[in-house]
Amino acid sequence: MAVPVAFFALFFAYPVTAIVGRGLKAEGDWQFGRIGEVLSRPDILDVLWFTTWQALASTALTLLIALPGAYVFARFDFPGKQVLRAVVTVPFVLPTVVVGTAFLALLGRGGLLDELWGVRLDTTVWAILLAHVFFNYAVVVRTVGGLWSQLDPRQEEAARVLGAGRFAAFRRVTLPALAPAVAAAALMVFLFTFTSFGVVQILGGPAYSTLEVEIYRQTAQLLDLPTAAVLTLVQFAAVGGILAVHAATVRRRERALKLVDPAQTSRRPRGVGQWALLGGVLLTALLLILLPLGVLVERSFDGPGGYGFGYYQALQSVGAGGSSTFLVPPLEAVGNSLRYALVATLIALVVGGLAAAALTRRAGRLVRGFDALLMLPLGVSAVTVGFGFLITLDEPPLDLRTSWILVPLAQALVGVPFVVRTMLPVLRAVDDRLREAAAVLGASPLRAWREVDLPLVRRAVLVAAGFAFAVSLGEFGATVFIARPDNPTLPVAVARLLGRSGELNYGQAMALSTILMLVCAVSLLLLERIRTDRSGEF
C-alpha cells in the first residue's frame, strides 16, 4: 500500500486540500459558517437535486441498454467482434465538448431529428441522458462482460438440468456471481454522470446545472472561490459516502468463482432468440454510437468548397486562416497525447496494480477504507484538481509546473480507479486454495502470485491497461489547466479550436476529433488482438 498511498497523498489529497482551504479561509481563520449559508440557497439546492436524480437516471438507463451488450460480447462469437468492441469504447475517450456538439447536431435545431420528424431534444434532460449512455456504454460492456466471459457456463446449465427455468438459473447462479462487476460498473457510471460537465453545459443550456458545472461557473466566471469550495466539499462527501456503501455491499457478495478461459464460453448464436439479441445489440451500437461518430466524421470533411481534406491539411500549419490559437501545428497534439497516455498508463498500472493486490488480502479496516478512497478522483471536480496542481506543485521539492510529467500524473489519477475496479473483482474471485497449494509445494509469495494469480488476471490487466490508456487520451478537466501551450493534448487542442469563432476553427476541431477516434480505435483493436492471442495461455 505504500506506493498507492504516497501517490494519492502527494498528487490528489494535497492539491485538493490546498484549494479548498483557500476558499474556506479568510484572514487566516476558517469560515465554516459559509457551508450552511451556501447550502441554504435555493439555487444551490436545485443544483444538488438535479445532479443526483439525473445521475441515477443515467446509471439505470445505461445498465438497461448495456447489459445485453455485455452478454453478447461475453458469450457470442461473431465476425467483426473485436472491431465492434473497439468501436463501442471510442466514445469514452472523446472530449465532452465534442460529444455535446455532436449530439446537438443530431438533436438540436436543424439537426437530423429536426429535419426528419421536426422534433428537437436539445435543452431537455433526454439529450443529457442519451449522451451519458453514449459515454458510458463501454464501461458496462467491458467491466461486466470481462468477468462474464470467464464464468463457467456449466454452473448455470447444471441449474437448468435440476429444473430451474432460464431466468431462475440466471437470477440464482449467474447474477450473484456478476454482482461485484455490475456494482463496480454502476458505480463508475454514477460517478461520471454525477460529475458531468461538458454534456450538461452544451445540451442542457442554462436550465440545467450539475455540481461540476456550478463549481466551474463560481470559479471561472463569478470568481466566488468560497462557494466553489463548499460545493467541492459537498461533492467530495457525497462521493465518499456512496463509495463506502458500495464497498460494504460488494464485500457481502464476494465469493470464490470458477473462472475459465473465455474461449471456452464463447460460441456462435443459436436459435431465433439469440440471433435477435445480437441484432438488437448491433442496432443499438449503430444508432447510439456510430451515428454521432458519423456526424463528427462528416463535418470534418464538409468544407466551404465541398467535401475534401481541407481541414486536415490546415492542421499541419500554425495560424492557418489567420488563427493564433496554437504555438505549434495542431497536428503535433496527436504525438503529445500518445506519449502522455503511454506514461500515464504505466503509472496507473503500477499504482493501481499494487493497490488491487493489497486490497485482495483484506488486511483490516484501513485497507478496506482505502478501497473507497481510490475512487475519489473520479468524484472530485477536475476544476479543483487542476487549480490545486497549479498552486501546490510550484515549490521545491515538488516544483513540477514546467515539467512534462505533470500531465501524465494528472491523467494517471483518473486511470488508477479503472485499473483497481477492473482487476479487483477478478483477483478476489481467485480461489485462495490455489495459492495455499502453491505455498505447500514450496512456492514463495511472489512465485505463487506469478504462477497462480497472474495467469488468471492477465486478461483483466490488459483490459485495465486499455481503460487507463483510453481515459488518459480523453482527460480534459485537469489537463486544460496544466498542459503547456507548446505541447497541447488532443482534447485541449479541440477545446481551444471550439472556443474560437470561425468555420475553419470548427472544422479543424472536427478533424482533430476524428483523428482522436481513429487513434483510440486502432489502439483498442490492437489490445483486443493481443488479448485474444494470449487467451489460450490460461
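Just above, that's the structure.
Bear in mind the structure is a predicted one, so any value in this text is a computation, not a measurement. (Residues numbered from 1 in each chain as written. Predicted model: local features only at pLDDT ≥ 70, side-chain atom pairs only at ≥ 80, totals over all residues. Heavy atoms only, no water.)

A. Molecular detail of the overall build of the chain. For the chain, the count of helices and strands is 24 helices and six strands. Across the 538 residues of the chain, 54% fall into the buried class. Of all intrachain contacts in the chain linking residues separated by at least 6 positions in sequence, the fraction that spans at least 24 positions is 79%. (Helix = DSSP H or I, 4+ residues; strand = E, 2+ residues; numbered from the N terminus. Buried < 20%, exposed > 50% of the residue type's maximum accessible area, 1.4 Å probe, protein only. Contact = heavy atoms within 4.5 Å.)

B. Molecular detail of the packing of aromatic side chains. A full pass over the atoms with the stated rule returns 15 aromatic pairs. With 6.4 Å between their ring centres and 75° between their planes, F8 and F12 make a pair best called edge-to-face. Taken as a pair, F8 and F12 lie in helix α1 (residues 2–24) at a separation of four residues, close to a single helical turn. Residue classification places F8 among the buried positions, given a relative accessible area of 6%. Between F103 and F134, the aromatic rings sit 5.2 Å apart at their centres with planes inclined by 75°, giving edge-to-face as the arrangement. Separated by 31 residues along the polypeptide, F103 in helix α5 (residues 96–107) and F134 in helix α7 (residues 125–148) bring together distant segments of the chain. Judged on exposure class, the residue F103 and its partner F134 are both buried. Among the aromatic residues, those joined into a ring-pair cluster are F7, F8, F11 and F12. (Phe/Tyr/Trp six-rings, centres within 6.5 Å; stacked < 30°, edge-to-face > 60°.)

C. A look at the nonpolar core. One finds F7 and F389 to be the most contacted residues of the largest nonpolar core, which totals 151 residues. For F7, the contacting residues outside a window of four places in its chain are F12, I347, V351, L409, A412, L413 and V416. In this structure, V430, A443, V452 and L456 belong to the second largest nonpolar core, which totals six residues. (Core = buried A, V, L, I, M, F, W, Y, C linked by side-chain atoms within 4.5 Å.)

D. Highlighting the packing of α1 against helix α16 (residues 332–360). Where α1 meets α16, the closest approach of the two axes is 8 Å, and the angle between their N-to-C directions is 125°. In terms of orientation, α1 and α16 fall into the oblique class. The hand of the α1/α16 crossing is left-handed. Each of V3, P4, F7 and F8 in α1 lies in contact with α16, whose residues at this interface are I347, V351, L354 and A355. For the contact of α1 with α16, the residue count by class is eight nonpolar, no polar and no charged. (Axes fitted to C-alpha atoms, helices over the stretch in contact; angles between N-to-C directions. Parallel < 35°, antiparallel > 145°, perpendicular 65-115°, else oblique. Left-handed = near helix turned anticlockwise from the far one by under 90°. Nonpolar A, V, L, I, M, F, W, Y, C, P; charged D, E, K, R; others polar.)

E. Representation of a positive patch on the surface. A grouping of R160, R166, R267 and R270 is seen on the molecular surface, where their side chains present a positively charged patch. Checked against the element boundaries, R270 lands in the loop between α13 (262–265) and α14 (271–301). Accessibility expressed as a relative area gives 57% for R270, which makes it exposed. (Patch = residues over 30% accessible without salt bridge, like charges linked within 9 Å, V, L, I, M, F, W, Y side chains within 5 Å. Areas by Shrake-Rupley, 256 points an atom, 1.4 Å probe, with all protein chains shown as cover. Salt bridge = Lys/Arg side-chain N within 4 Å of Asp/Glu carboxyl O. Lys, Arg positive; Asp, Glu negative; His and termini not counted. Charge placed at Lys NZ, Arg CZ, Asp CG, Glu CD.)

F. Representation of α14. Compared with an ideal rise of 1.5 Å per residue, which puts 31 residues at 45 Å, α14 spans 42 Å between its outermost C-alpha atoms and is within 8% of the ideal. If you look at α14, its biggest bend is around 40°, right at L290, and the proline P292 turns up within four residues after that. By the burial criterion, the buried members of α14 are Q274, L278, V281, A285, L288, I289, P292, L293, V295, L296 and S300. (Expected span 1.5 Å × (residues − 1). Bend = angle between axes of the 7 residues up to and from the residue.)

G. How the structure looks around a nonpolar patch on the surface. Among the surface-exposed residues, L112, L116, W117, V119, L283, L286, L287, L290 and L291 lie close enough to one another that they form a single nonpolar patch of about 850 Å² accessible area. Secondary structure elements with two or more residues in the nonpolar patch: α6 (112–117) and α14. Per-element tally for the nonpolar patch: the top contributor is α14, with five residues. Looking at the element boundaries, V119 is found in the loop between α6 and α7. When its relative accessible area of 36% is taken as the criterion, V119 is described as partly exposed.

H. Quick peek at the packing of α5 against α14. Direction vectors running N to C along α5 and α14 enclose 95°, while the axes themselves pass 9 Å from each other. Viewed along their axes, α5 and α14 adopt a mutual orientation that is roughly perpendicular. Taken together, the residues of α14 that come into contact with α5 (itself represented by V98, T101, A102, F103, A105 and L106) are L288, L291, P292, V295, L296 and R299. Among the residues forming the contact of α5 with α14, the class breakdown is 10 nonpolar, one polar and one charged.

I. Helix α18 (residues 382–392), seen in detail. Most of α18 sits inside the fold, with eight of its 11 residues counted as buried. Where α18 is concerned, the buried positions are A382, V383, T384, V385, G386, G388, F389 and T392.

J. Expanded view of the environment of T124. By the element assignment, T124 lies in the loop between α6 and α7. Along the primary structure T124 and G205 are separated by 81 residues, whereas in three dimensions their C-alpha atoms are 8.5 Å apart. Not counting residues up to four positions away in its chain, the partners in contact with T124 are L203 and Y208.

K. Region of interest: the pattern of salt bridges. According to the stated counting rule, one finds one salt bridge in the structure shown. In this structure, D43 and R41 form a salt bridge, with 3.1 Å as the shortest nitrogen-oxygen distance. Its relative accessible area of 33% is what places D43 among the partly exposed residues.

Honestly, that's just the spatial picture; any functional story needs more than this.
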